[in-house]
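# Coordinate analysis (summary)
Listed here are the chains, written in short residue letters.
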Amino acid sequence: MIPLLFLVVFAEGVVAFLLLVKIGPLRELVIKGLDQVKVGKGPATVKTIAGTMSVILLSNFFSIVKIQNKGAKIGTMTPMDQVLWRTHLLEASLMGFCLFLGFLIDRMHHYLKKLMGIRGTIGASKEEIERLTKEKMQLKEKEEKATNEMKLLQKEVSYLKENMNKLKLESEEKDKRVETAESHVAALQKQSADLLLEYDRLLEDNQNLQTQAFGYRT
């Protein structure tokens, strides 16, 4: 049984080493293998083996205590008892180390799976952050473009306002000119009417004078 225990300890040591140190794809292969062990009837089988080893460990421990008590009563241990004591002690030590390594491998596998999940989440978060950063940059570029367009539109609006003000001033000046021209035309029309009245009066005076002159002749 001792050679088998040495083999188990060696195998568990190799598995623990591969979990601790990443050597190519070996860590992933070990993790996949442990995943397969924890699927189906694997956990029950492992618990059964661990329970059996624990019972054997306790049995060896009691045997060691029994041999020590026997030697204490006699005052010394016989060679056979010494061989049995050393055998039980070695078996107990190897079984305890096997159980410890098994527990260590289980915990390492558990936390490595968690770490891989966290790394996957971090990778997805990084991709999401990169995507959001790109979207932010695109929005910033669109915002800058919109700002530039707004500035251009504001310049155009200012230019149009200036032109409208100029046109308004020109229109007011033309209106004033039109009013002045209308006033001048009205004044000329009034002057023309006065001249026509004066002309009619002169014609009438001329006719009167001609009539009086003709009367004197006759």
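Residues numbered from 1 in each chain as written. Predicted model: local features only at pLDDT ≥ 70, side-chain atom pairs only at ≥ 80, totals over all residues. Heavy atoms only, no water.

By the naming in an unreviewed UniProt entry, the protein goes by Endoplasmic reticulum transmembrane protein and is assigned to Rhododendron simsii. The Function (unreviewed entry) comment attached to the protein in UniProt states, word for word, "May play a role in anterograde transport of membrane proteins from the endoplasmic reticulum to the Golgi." On record in UniProt, under Sequence similarities (unreviewed entry), the comment for the protein is "Belongs to the BCAP29/BCAP31 family." (UniProt positions renumbered as here; feature names shortened; annotations may be inferred.)

### Topic: the nonpolar core
Within the largest apolar cluster, nine residues are counted, these being A16, L18, L19, V30, I31, L34, I105, M108 and L112. Of all the secondary-structure elements, those providing two or more residues to this core are α1 (2-20), α2 (26-37) and α4 (79-217). Contacts of I31, omitting those with residues within four sequence positions, involve L19, H109, L112, K113 and M116. V9, M53, C98 and L101 belong to the second-largest nonpolar core, a separate cluster that totals eight residues. (Core = buried A, V, L, I, M, F, W, Y, C linked by side-chain atoms within 4.5 Å. Buried < 20%, exposed > 50% of the residue type's maximum accessible area, 1.4 Å probe, protein only. Helix = DSSP H or I, 4+ residues; strand = E, 2+ residues; numbered from the N terminus. Contact = heavy atoms within 4.5 Å.)

### With respect to the environment of G215
By the element assignment, G215 lies in helix α4. The class of G215 is partly exposed, set by a relative accessible area of 41%.

### Brief notes about the pattern of salt bridges
For the structure shown, the criterion picks out seven salt bridges. When the shortest N-O distance is used, the salt bridge between K113 and D35 registers 3.3 Å. Of this pair, K113 sits in helix α4 while D35 is found in helix α2, placing the two residues 78 residues apart along the sequence. Here K113 falls in the partly exposed class, since its relative accessible area comes to 38%. With a relative accessible area of 21%, D35 lands in the partly exposed category. For E198, the salt bridge is made with R201, and the minimal N-O distance between the two is 2.2 Å. One end of the pair, E198, and the other, R201, are both in helix α4, three residues apart, so they sit about a helical turn from each other. The exposure class of E198 is partly exposed, given its relative accessible area of 34%. Within the structure, one salt-bridge network assembled from shared partners comprises E128, R131 and E135. (Salt bridge = Lys/Arg side-chain N within 4 Å of Asp/Glu carboxyl O.)

### Some words on the UniProt feature "transmembrane region" (unreviewed entry) in the protein
UniProt's feature table lists "transmembrane region" (unreviewed entry) at residues 6-23, 44-65 and 85-105, given in the numbering used throughout. From the first C-alpha to the last, residues 44-65 spans 31 Å; its make-up is 100% helix and 0% strand.

### Focus: the side chain of E12
Assignment of secondary structure puts E12 in helix α1. Not counting residues within four places of it along the chain, the set of residues in contact with E12 comprises F97, C98, L101, G102 and I105.

### A few points about the UniProt feature "coiled-coil region" (unreviewed entry) in the protein
Per the UniProt record, "coiled-coil region" (unreviewed entry) is annotated on residues 122-212. Taken end to end, residues 122-212 comprises 100% helix and 0% strand; its first and last C-alpha atoms sit 131 Å apart.

### Points about the packing of α1 against α2
α2 packs onto α1 with a crossing angle of 120° between their chain directions and a minimal axis gap of 8 Å. Looking at the two axes, α1 sits oblique to α2. Of the two possible hands of crossing, α1 and α2 adopt the one that is left-handed. Where α1 approaches α2, its residues V15, L18, L19 and L20 are matched on the opposing element by L26, R27, V30, I31 and L34. Split into classes, the residues belonging to the contact of α1 with α2 amount to eight nonpolar, no polar and one charged. (Axes fitted to C-alpha atoms, helices over the stretch in contact; angles between N-to-C directions. Parallel < 35°, antiparallel > 145°, perpendicular 65-115°, else oblique. Left-handed = near helix turned anticlockwise from the far one by under 90°. Nonpolar A, V, L, I, M, F, W, Y, C, P; charged D, E, K, R; others polar.)

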